[in-house]
Amino acid sequence: MAIIDFINFYIVPGLLLGSIYAVGAIGITMVFGILRFAHFAHGDMATMGAFIALAVVGLFGVTPWTALPIAMVLTAILAVGIDRTFYDYLRKRPAILTVMASLGVALMLRSLVQVIWGVDPQTYQRGIVRPDTYFGILLRPRELYTFLSVIVIVVALTIFLRASKWGKAMRAMSDNPDLARLSGVDNRMVTLLLWTIVGALCAASGFMLAINTELTPMMGWFLLLPMFAAAILGGVGRVEGAVLGGLIVGMVEELSVLVMPGQYKAATAFVILLLILLVRPRGLLNGKVL
Amino acid sequence: MSHSPMSVSPATADDFVLAMENVRGGYGDADILQGVTIKVAPREIVVIVGPNGAGKSTAMKAVFGLLIVRGGTVVFDGEDITGWAPNRIVKRGICYVPQVENVFREMTVHENFEMGAFLRKGDLTAAYDRVYQLFPDLKAKRKTPAGDLSGGQRQMVAMGRALMLDPKLLLLDEPTAGLSPKYMEQIFQITRDVRDTGVSIMLVEQHAKQALAFCDRGYVLATGANRHEGTGAALLADQEVAHMFLGG
């Protein structure tokens, strides 16, 4: 197999899948870091975001990529609403209650998607798109846009967290919540910002998976395990770790078909999760101990 | 068990930056403090010592609103702040440096200072200049994550973070815990330097002998109540205090 074929058939799909996982894993790691709970509704929130984008496409007749930012805003509002309605209520109780509540929210979101849009697979646009060639590398426009969007999202988020006052406050809250409060950081504002970002990221990851495959009510649920594996692999609470973890999990999944039957592809994330928890529970970039 | 008179301080009651009087309270239902009185004058370093379980740190937390106060009053800068929430007290001008977990480990030294000034608006140049002048060692490490520093330097970051809000009163909970004697001396010296910039300081210390030697005034607590008070030198000379701490 020529190098270029290897790149086109394994590396590009691995990076594509990995960057979609990365965007989802960033949200998981941020919720873990700041609110200290595992957000099980993350995948189904991504499904919801993808279907909201479908609705925007259907209602306004815009292209899917134009619908994406609108869907990100709407899903962000939804995420803040879910936090206010369900999680906020449990904030002072043990974290496991919120984890269970998020599982309930996951089921509610999925059922809502099934009620509104039905259970059959859907797509944003019909028809076959031929890939373009860039120095021998085959990329469809939607794949190119996916890569570009992920880069924009990661860079924008990094700048926000590193350079802005409230971004630093979010990092401080993740680092040492008691000291952040002693410094006068308003918990509620951080939580509001967190869910805004998480909702937008969910919509982006769901949309990007859907545009590269198809929309199904279960798509987000299947994203959950690789996204958690990516977040824990990178180190809980570490945004850059989640990106790294996402890319690794995506790449390993795609490469696994070289040595294992393709049906086991989905199990690789689980294997990575088990291995990292056994060998290096703090993750590659020294995250929090769970 | 006699309370010595306040003859050692030249200040009258109104002149105190902080006056906690006869405070009782605890974290839950039980009172850990059984009536504690501690006063701090402007530009004064007051040290609280006492055996384990005496309520030293608890007394400090009572000032900062981290305790359920069931009796007595805490007056700061002429205003009764008893029962205020910590974030309100911070804005009023008291900053607190906890004993442990007192820095943002994953954030740089400079970002720690920035977080200290979170509530401040406007130009912070003077505030940064002040902390880097007090802690010149940290200037070269301003981009280093605080978690990578030595224990002594972390303590400096913690104090610097608290000073960014320009407090009138700084509360230090065992700032020398776990530090080598060399660093302990350094922290005491820095505490004096901070005082000289116009801040009153109340600190809790495990190293009673060294702390009493360096402070302006000291309070000895035992089982949640005042036991002795006086200048550091007077307390060091006191037979009973010596017996309690100094193995005399």
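K.L.:
Quick question: what am I supposed to make of helix α10 (residues 239-256) of chain A here?
P.N.:
In an α-helix there are 3.6 residues to a turn, and that puts residues three or four apart on one side. Residues and elements named next belong to chain A. Taking 1.5 Å of rise per residue, the 18 residues of α10 would be expected to cover 26 Å, and the 26 Å separating its terminal C-alpha atoms lies within 8% of that figure. Burial in α10 covers these residues: V239, G241, A242, V243, G245, G246, V249, G250, M251, E253, E254 and S256. In this fold, the buried residues of α10 make contact with α1 (3-35), α5 (141-163), α9 (219-234) and α11 (267-279).

K.L.:
Help me understand the interface of chain A and chain B in this model?
P.N.:
Interface size is commonly expressed as the accessible surface area that is lost when the partners come together. In this assembly, 17 residues from chain A lie in contact with 18 residues from chain B. Counting each side, the surface lost to burial between chain A and chain B is near 1,700 Å², with a carbon and sulfur contribution of 57%. Inspection of the region where chain A meets chain B yields two salt bridges. R171(A) serves as the salt-bridge partner of E111(B), at 2.7 Å between the closest nitrogen and oxygen. Secondary structure elements with two or more residues in the side of chain A that touches chain B: α6 (165-175) and α7 (177-182) of chain A.

K.L.:
I'm lost on the pairing of strand β10 (residues 225-231) of chain B in this one. Help?
P.N.:
A regular strand places its side chains so that they alternate between the two faces of the sheet. Residues and elements named next belong to chain B. Relative to β10, strand β9 (residues 217-222) runs antiparallel, the two sharing six bridges. Each residue of the ladder has a partner; that of G218, found in β10, is G230. The hairpin turn running from β9 into β10, its antiparallel successor, is two residues long, and T223 in that turn takes a positive phi close to 40°.

K.L.:
Please explain the packing of α5(A) against helix α8 (residues 187-212) of chain A as it appears in this structure.
P.N.:
Helix-helix packing is described using two parameters, namely the angle between the two axes and the distance between the axes. Residue and element names in this part refer to chain A. Where α5 contacts α8, the two axes come as close as 10 Å, and the packing angle between them is 165°. Taken together, α5 and α8 sit at an angle that is classed as roughly antiparallel. At the point where α5 passes α8, the crossing takes the left-handed sense. Touching R142, E143, T146, S149, V150, I153, L157 and F160 of α5 are L193, I197, L201, A204, M208, I211 and N212, all from α8. Across the contact of α5 with α8, the residue classes break down as ten nonpolar, three polar and two charged.

K.L.:
Please explain the sheet that holds β9(B) as it appears in this structure.
P.N.:
Two strands in a sheet stick together by hydrogen bonds in their backbones, pointing the same way (parallel) or opposite ways (antiparallel). Residues and elements named next belong to chain B. What the six strands build is an open sheet, ordered β6-β7-β8-β3-β9-β10; its pairing is mixed. What marks the edges here is a single partner per strand, and that holds for β6 (94-97) and β10. Neighbour-to-neighbour, the strand axes of the sheet open up by a mean angle of 15°, direction not taken into account. Across the face of the sheet, helix α5 (residues 151-163) comes into contact with β6 and β7 (169-173) while running at roughly 165° to β6.

K.L.:
How should I be thinking about the packing of α9(A) against α11(A) in this particular structure?
P.N.:
Residue and element names in this part refer to chain A. Relative to each other, α9 and α11 sit at 25°, their axes nearing to 9 Å. Between α9 and α11, the interaxial angle falls into the category roughly parallel. In this structure, α9 meets α11 at a crossing whose hand is left-handed. Residues L225, P226, F228, A229, I232 and L233 of α9 lie in contact with α11, whose contacting residues are A269, F270, I272, L273, I276 and L277. Classifying every residue of the contact of α9 with α11 gives twelve nonpolar, no polar and no charged.

Each value, and the rule that gives it
- Residues numbered from 1 in each chain as written.
- Chains lettered and ligands numbered in written order.
- Predicted model: local features only at pLDDT ≥ 70, side-chain atom pairs only at ≥ 80, totals over all residues.
- Heavy atoms only, no water.
- Helix = DSSP H or I, 4+ residues; strand = E, 2+ residues; numbered from the N terminus.
- Expected span 1.5 Å × (residues − 1).
- Buried < 20%, exposed > 50% of the residue type's maximum accessible area, 1.4 Å probe, protein only.
- Contact = heavy atoms within 4.5 Å.
- Buried area = accessible area lost by both parts, 1.4 Å probe.
- Salt bridge = Lys/Arg side-chain N within 4 Å of Asp/Glu carboxyl O.
- Pairing = 2+ DSSP bridges.
- Axes fitted to C-alpha atoms, helices over the stretch in contact; angles between N-to-C directions.
- Parallel < 35°, antiparallel > 145°, perpendicular 65-115°, else oblique.
- Left-handed = near helix turned anticlockwise from the far one by under 90°.
- Nonpolar A, V, L, I, M, F, W, Y, C, P; charged D, E, K, R; others polar.

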